[in-house]
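# Analysis of the macromolecular model
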Amino acid sequence: MILAGSWIHLPTSQREPELTVQTDQTGKKLGMWLFLYTEIILFGALFVLYAVYFARYTQDFIAGAKELDRVFGVINTIILLVSSFFVAASITAVRKDHKKIALAGLGGALGCGGIFLVNKYFEWGHKIALGIYPGAEKLVDGPAGQNLFFGLYYVITGLHGLHIVIGMTLLSVSLVLVQKQKITSKNDALLDNCGLYWHLVDLVWIFIFPLFYLVV
Amino acid sequence: MEVVKSFFETPEPARFTGIWSWLFTLDHKRIGLMYLYAIMFWFLVAVLLGGILRLELMFPGETVLSADLYNSAFTLHGVIMIFLFIIPALPAVFGNFFLPIHIGTDDVYFPKLNLLSWYLYMAGGVVAIFSLFSDGFADTGWTFYVPFSISTNTNVSTAVFAAFILGFSSMLTGLNFITTVHKMRDKAMGWLQIPLFTWSLYATAWVQLLATPVVTITLVLVMMERFFNVGLFDPARGGDPILYQHLFWMYSHPAVYIMILPGMGVISEIIPVFARKSIFGYKAIVASSLAIAIAGSLVWAHHMYTSGMSDTAVFVFSLLTFVVAIPSAIKVFSWVATLYKGAIQMTPPLFLSLCFIYLFSVGGLTGLVLGAAGANIHVHDTHFVVAHFHFTMFGGTGFAFFAALHYWWPKMFGRMYDFTKAYIAAILVTGGFMFHYVPMFILGLQGMPRRYYDYLPQYAGGNFFAGFGALFMILGIGLMMANLFASLRKKRDMESNPWGGVTLEWTIPSPPPLHNFVQKPKIMVYPYDFSGIVDTPANKSEGA
C-alpha cells in the first residue's frame, strides 16, 4: 500500500509522540492530492483529444451519442454517486469509531462498484454484438467522426473502468484493515486517501457521462 | 570529531544484511547510490552506442551498421539517454542523497515509495533490454512519432511500455520530493533559506508531476493503436497525427527542463563554494527556476513548426520560446557575477562547472536560432538540431552530472579522487566534445539531415572530424569514471568539509551516518554565508 502508516519516516526532531500522528496525516494527504493531480492530467489529455475531434466532427459525435444507451449511463451515474456517499459515510463512521457502520459503508461502495462494472460489461457486450468496436468494419468503413467517437468511448470508459477496479481494490484493502482495527479514528489516513481516490474516479465519470451520453 | 558509524555500516531496516540491506533499504542515501550504479551502467551503454553511431558516420556508405540497425541503434541511444540517464540522473542520485540533508532531515517523506521508484526504474530498464531480444528494438527514434510507430514491425510496444514504467518512477520521485520539502523541512528553515539545488529539485518535481501523465497516456494510446487499431491518430480514419505530436511534446518539452533544472541547481551550489562568495542573486535564481518550470511548460509546439500547424500557433510558440530563454540567462549571469571578484579556488568540480557554463550557453543561444520560426525552417531536422540538443543536454546536464559527481564524491564515499587525472579527463571530455559537436552545427547549416546512416559526399569532412572528437570524448569519460572508482580502494578518511561548503551536508561526517545528523542541524539565516570559512583541507593539500 502506497500510503500505509509504516511508510513514514519522521525527522529526529519531530519524533515526540504527540506530534507524530498529526504530521503523518497532513503529509500523506498532500502526497495523495499530488497523485490525484496526475490522474486529472492523465484523463485531461484524453479530454483534449475529445474536444478537438468534437469540434471537427460535431455531427458524427451527435450521431454516435444517439447509439449509446442513456438508461445505462444514467443508472451508472446514480450508482457511482451513491457509492461516493457510502465511502464518505464510512469515513465519518471511522472517525467516530463506529466500526460496523464503516464496514457497511465500504461494503455498500464495493457493491456499487461491482454493479457498475456489470452494467459496463453488458453495455460493451451489446455494442460489440452490434459490430461497434475498434477496428470493426462498421467503424472503419463508416464516417470518420463516428470511428473517433467510439474509439474515444472505448479508450476513455475503458481507462475509467480500470480505475474503478483499482479503486475497488483499495476499498477492499481498507475494509480488511477496518475489520482488523488497523484503521481507526486515530489512524485513518489510508481510508481517507482511498476515499479521495474513489471520489476522483466518481468525478471523472461525471465528466464522461455528459460527453458521451448527453451530446445530442 | 567523534566517531560515528556511516550509513554503509548501519543498514535500514537493521534486520537485513549483505545484498539484502541494499535491495530492501529504506535509507535515501543507499537508494541514491543504487540509482547511481544503475544510471552509470546505462550511461556507459548509451555512450558506446553513440560511439558506434559516429563510427558508422565517419566514412560515407555502409561501414559498421546497416540502415535498419542504425535506426534501431539511434533509437536505443536516445531512449536510454533520455529515460534511463538524463531524466533520473540528478534528481534520483543526488536529489535522493542530498535533498533530505539539505533541509535538515533524516529521510524523504515516503521511504518505501522511494524504494518502489527505484524498482520501477530497474523494471523499465529490464523491459527495454527484453525488447532487444524480440523482433528488434524500435526504429522510430525516441519520439515514437505516429504513424510510423504504429505501422513499423519492430517492437515499439515494448519500448513504449518501458518508457511508460520509467515515467511512473520519475513521477513518484517528484511526488516524494515535493511532500518532503513541504513536510520534513527543519522548522527553522524558511523558503528562502533552502539551498538552490533543493530549490531546483522542487521546481523540477512539479514539472515531473504535471507533465509526465500526459506522456503516460500518449504512450498508452500508441500501445492501444498497435493492439486494437483504434485509429485515433490515423488520417485515413479521421484521426490527426499532429495531435500525437502535441501530446508528446506537451510532456517532452517540459521534460528537457526536468533534465536541465537540477543541473543548474548543482552549478548554483558549486560556484559560490569555490568562489568563496555568496551566490549572486539567490532570489533571482529561485524565481528563474520557477519561471522556467512554468514558461517551459508552454513552449512545446516549437518542435513542430514544419508540421503544418497554423501560423498563429507558430508565432505564439516562437514568442514563448524566446521568453523562456530569459530565466536561463538570468542564471548564467548570476553564476558569472558570483565568480566576479571572488577568491577563486580551482578544483575539478569548479572546472567542470565552468565548462558547463560555456557549453550550456552555446546550447542555449543556438536554441534561439531554432526557436526563431524563420531560421528553424532552414535547420529543421538537420544535424544542427543534434548539435544544439547535445550542447544543452550533454554539455549542460551531462557536465552538471560530472561536476556533481566530483563535488559530492568525497561526501558520499568518504574518499577523494586524484585531481590531476580528474583534470586530464575533464579536458579530454570537453575538448572532444567541442571537436565532436561543433562540426555538426556546420553540417546542419550546410543541410545534412539527421537520422540517416549515410550522407552526400560533401559532408564527409565534417563527419570524419566529429568521429575523432567522439573518440577523445569517450576516452575522457572512461578516464573520469576509472579515476572516481579507483578512489574507492583508498582508506575512508575524508573530513566532513573538504571544500569549505556551507550547506548542511558539509556539517556532517563523510560518509553521513544513518540518520544524517548527529546533533540537531544549525540552520543559517542565509544559506550561502561564507564568513565562517577561512581555510580548507583541500586548499592545504592541493596548494591551490
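Model, not experiment: these values are computed from the prediction.

Calculation rules
Residues numbered from 1 in each chain as written. Chains lettered and ligands numbered in written order. Predicted model: local features only at pLDDT ≥ 70, side-chain atom pairs only at ≥ 80, totals over all residues. Heavy atoms only, no water. Helix = DSSP H or I, 4+ residues; strand = E, 2+ residues; numbered from the N terminus. Rg over C-alpha atoms; globule rule 2.2 N^0.38 Å. Buried < 20%, exposed > 50% of the residue type's maximum accessible area, 1.4 Å probe, protein only. Contact = heavy atoms within 4.5 Å. Areas by Shrake-Rupley, 256 points an atom, 1.4 Å probe, with all protein chains shown as cover. Lys, Arg positive; Asp, Glu negative; His and termini not counted. Charge placed at Lys NZ, Arg CZ, Asp CG, Glu CD. Salt bridge = Lys/Arg side-chain N within 4 Å of Asp/Glu carboxyl O. Core = buried A, V, L, I, M, F, W, Y, C linked by side-chain atoms within 4.5 Å. Expected span 1.5 Å × (residues − 1). Polar contact = N/O pair within 3.5 Å; in protein donor to acceptor, adjacent residues only side chain to side chain. Bend = angle between axes of the 7 residues up to and from the residue. Buried area = accessible area lost by both parts, 1.4 Å probe. Nonpolar A, V, L, I, M, F, W, Y, C, P; charged D, E, K, R; others polar. pLDDT = per-residue confidence, 0-100. Phe/Tyr/Trp six-rings, centres within 6.5 Å; stacked < 30°, edge-to-face > 60°. Lys NZ or Arg CZ within 6 Å of the ring centre and 35° of its normal. Axes fitted to C-alpha atoms, helices over the stretch in contact; angles between N-to-C directions. Parallel < 35°, antiparallel > 145°, perpendicular 65-115°, else oblique.

Turning our attention to the overall build of chain B. In terms of regular secondary structure, chain B is built from 16 helices and zero strands. Relative to a compact globule of 544 residues, whose C-alpha radius of gyration would be 24 Å, chain B shows 23 Å and is just as compact. Viewed in the frame of its principal axes, chain B has a C-alpha envelope of about 70 × 45 × 45 Å. Put simply, chain B has 544 residues, and 64% of those count as buried. For chain B, the share of sequence-separated contacts (at least 6 apart) that also reach a separation of at least 24 residues comes to 82%. Accessible area for chain B stands at about 19,000 Å²; split by element, carbon and sulfur atoms hold 70% of it. Each charge class in chain B was averaged separately, 28 positive and 26 negative side chains, and the resulting centres sit 11 Å apart.

Moving on: the overall build of chain A. In terms of helices and strands, chain A carries seven helices and zero strands. When the helices and strands of chain A are listed from N to C terminus, the series reads α-α-α-α-α-α-α. Relative to its 216 residues, chain A shows a buried fraction of 52%. A total accessible area of about 9,500 Å² is found for chain A, and carbon and sulfur atoms account for 69% of it.

Quick look at the pattern of salt bridges now. On inspection of all chains with the given rule, the structure shows nine salt bridges over all chains. Linked by salt bridges that have partners in common, A:Lys29, A:Arg95, A:Asp188 and A:Asp192 make up one network.

Core analysis: the biggest nonpolar cluster contains 255 residues, and B:Phe94, B:Phe401 and B:Phe402 have the highest contact counts within it. Setting aside residues up to four positions removed in sequence, B:Phe94 forms contacts with B:Ala89, B:Leu99, B:Phe197, B:Phe401, B:Ala404, B:Leu405, B:Trp408 and B:Met412.

Now for helix H14 (residues 419-446) of chain B. Residues and elements named next belong to chain B. Compared with an ideal rise of 1.5 Å per residue, which puts 28 residues at 40 Å, H14 spans 41 Å between its outermost C-alpha atoms and is within 8% of the ideal. In this structure Asp418 caps H14, since a side-chain oxygen of it lies 3.2 Å from the backbone nitrogen of Thr420. Positive phi appears at Gly447, one or two residues downstream of H14, with a value of about 105 degrees.

This part covers helix H7 (residues 196-228) of chain B. Residue and element names in this part refer to chain B. Here H7 spans 47 Å end to end across 33 residues, near enough to the 48 Å set by a 1.5 Å rise per residue. The principal kink in H7, of about 30 degrees, is found at Ala211, preceding the proline Pro213 by one to four residues. Across the 33 residues of H7, 27 count as buried, placing the element largely inside the fold. Backbone geometry just after H7 places Asn229 at a positive phi near 60 degrees.

Turning next to the interface of chain A and chain B. Residue-level contacts link 42 residues of chain A with 41 residues of chain B. Interface of chain A and chain B: buried area, both sides summed, is about 3,600 Å²; carbon and sulfur atoms make up 72% of it. The interface formed by chain A and chain B holds one salt bridge in total. Applying the counting rule to chain A against chain B returns seven residue pairs in polar contact (both at pLDDT 80 or more). Contributing elements (two or more residues each) for the side of chain A that touches chain B: helix H1 (17-56) and helix H6 (144-179) of chain A. A per-class count over the side of chain A that touches chain B returns 25 nonpolar, 13 polar and four charged.

Detail in the predicted coordinates should be disregarded across regions flagged by low pLDDT. Residues and elements named next belong to chain A. For chain A, mean pLDDT is 88; residues scoring 70 or higher make up 89% of the total. Taken element by element, chain A is modelled with least confidence in H1, mean pLDDT 84, and with most confidence in H6, mean pLDDT 96. Every residue in residues 1-22 scores below 50 in pLDDT, and together they form 53 contacts with partners more than four places removed in sequence or on other chains.

With that settled, consider the packing of aromatic side chains. Residue and element names in this part refer to chain B. Applying the stated rule across the entire model yields 80 aromatic pairs over all chains. Centroid distance Phe41 to Trp42: 5.2 Å. Interplanar angle 70 degrees. Geometry classified as edge-to-face. On the basis of relative accessibility, which here comes to 46%, the residue Phe41 falls in the partly exposed class. For Trp42, a relative accessible area of 9% gives the class buried. Relative to Phe164, the ring of Phe161 lies with its centre 5.8 Å away and its plane at 15 degrees, an arrangement referred to as stacked. With Phe161 and Phe164 both in helix H6 (residues 156-183) and three residues apart, this pair spans about one turn of that helix. In this structure, Arg30 is placed above the aromatic ring of Trp22, and the distance from its NZ or CZ to the ring centre is 4.6 Å. Here Arg185 stacks its cationic end above the ring of Trp191, 4.4 Å away from the centre of that ring.

Residues and elements named next belong to chain B. Of the consecutive residues Glu12 and Pro13, the connecting peptide bond is found in the cis state with omega at 0 degrees. Its location among the elements puts Pro13 in the segment before helix H1 (20-23). The omega torsion across Val146 and Pro147 is 0 degrees, close enough to zero to call that bond cis. Considering the arrangement of structural elements, one finds Pro147 in the loop between helix H4 (111-132) and helix H5 (148-151). In the Ramachandran plot, Lys341 falls in the positive-phi region, its phi being about 60 degrees despite a non-glycine side chain. Relative to the elements of secondary structure, Lys341 occurs in the loop between helix H10 (311-339) and helix H11 (348-371). Given a relative accessible area of 71%, Lys341 falls into the exposed group.

For the rest of this paragraph, the subject is the side chain of B:Asn96. Residues and elements named next belong to chain B. Inspection of the secondary structure puts Asn96 in helix H3 (residues 67-102). Within the local environment of Asn96, its side chain forms a polar contact with the backbone oxygen of Ala92, the two atoms lying 3.0 Å apart. Excluding its chain neighbours within four sequence positions, the residues that come into contact with Asn96 are His28, Ile31, Gly32, Tyr35, Pro91, Val108, Asn114 and Phe177.

Residue and element names in this part refer to chain B. Between H11 and H14, whose axes approach to 10 Å, the crossing angle comes to 10 degrees. Between H11 and H14, the angle is such that the two are roughly parallel. Facing H11, whose interface residues are Pro348, Phe351, Leu352, Cys355, Tyr358, Leu359, Val362 and Thr366, H14 presents Phe419, Ala422, Tyr423, Ala426, Ile427, Thr430, Phe433, Met434 and Phe441. Broken down by class, the residue content of the contact of H11 with H14 amounts to 15 nonpolar, two polar and no charged.

We now examine the environment of B:Thr218. Residues and elements named next belong to chain B. The residue Thr218 is located in helix H7 in this model. C-alpha of Thr218 to C-alpha of Val160: the two residues are 58 residues apart in sequence and 9.7 Å apart in space. Excluding anything up to four places from it in sequence, Thr218 contacts Tyr244, Leu247 and Phe248. Of the polar contacts made by the side chain of Thr218, one reaches the backbone oxygen of Val214; its length is 2.5 Å.

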